[in-house]
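Chain by chain, the residues run as shown.
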Amino acid sequence: MNVEAGRVEIFEEMSVKQLELFKLALKEADLELVDNRKNILIDKIINVICEMINHSEVVIKTNFSYHLSKKLNLDYTYMANVFSETQGITIEQFIIQNRIQKVKQLICHNDLNLTEISWQLHFSSVAHLSTQFKKVTGITPSQYKHIDCNKPLRP
């Protein structure tokens, strides 16, 4: 067996019983076995997107589709089709939803203004950020800050 972060390679055949026990052990550790090629691809796409949104200190000078294709070494159209088929939304919609989620976090839990948030998340402008935010949430970032950021945390 070969084990590395996020991946286990098993060199011997496993019986159905062994596989079920393995899945159960993973579940008890809050992990899951991804044994379907499409699901593995979806996980990789989601990981690249989350990395781009949450951990990218460097401005990506290309669009997301090119970055995904280059990072995963796959045709973007193929990835987009598999993603839409399995997730029920497009990669673009997923990216927008996750970027707006990050904007919400930064609005409530950070000392950054909208210009700084816009720059940090690589929006072309504050107007672009505000337009996408309102399209997704139905309210402006300022309204969100006053309404949702002041709500007490629920247990």
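Scroll up to find the structure.
A brief report on the enclosed structure follows. (Residues numbered from 1 in each chain as written. Predicted model: local features only at pLDDT ≥ 70, side-chain atom pairs only at ≥ 80, totals over all residues. Heavy atoms only, no water.)

This brings us to helix α2 (residues 37–54). Residues spaced three or four apart along an α-helix point in a common direction, a consequence of the helix completing one turn every 3.6 residues. Look at α2: 25 Å from first C-alpha to last across 18 residues, which is about the 26 Å you get at 1.5 Å a residue. What α2 keeps buried is the set Leu41, Ile42, Ile45, Val48, Ile49, Met52 and Ile53. Summarising the axial view, the buried residues of α2 lie within an arc of 130 degrees, below the 170-degree limit, and thus occupy one face. Each element contacted by the buried residues of α2 is listed here: α3 (64–72), α4 (76–87) and α5 (91–109). (Helix = DSSP H or I, 4+ residues; strand = E, 2+ residues; numbered from the N terminus. Expected span 1.5 Å × (residues − 1). Buried < 20%, exposed > 50% of the residue type's maximum accessible area, 1.4 Å probe, protein only. Arc of directions from axis to C-beta. Contact = heavy atoms within 4.5 Å.)

Once that is clear, we can look at the environment of Ser84. Summarising the element assignment, Ser84 is placed in helix α4. Relative accessible area serves as the criterion here: at 30%, Ser84 is assigned to the partly exposed category. For the pair formed by Ser84 and Ile42, sequence separation is 42 residues and the distance between their alpha carbons is 9.8 Å. Ignoring anything within four residues of it in the chain, the contact list for Ser84 reads Ile89 and Thr90.

Interpretation in functional terms is not warranted from these geometric data alone.
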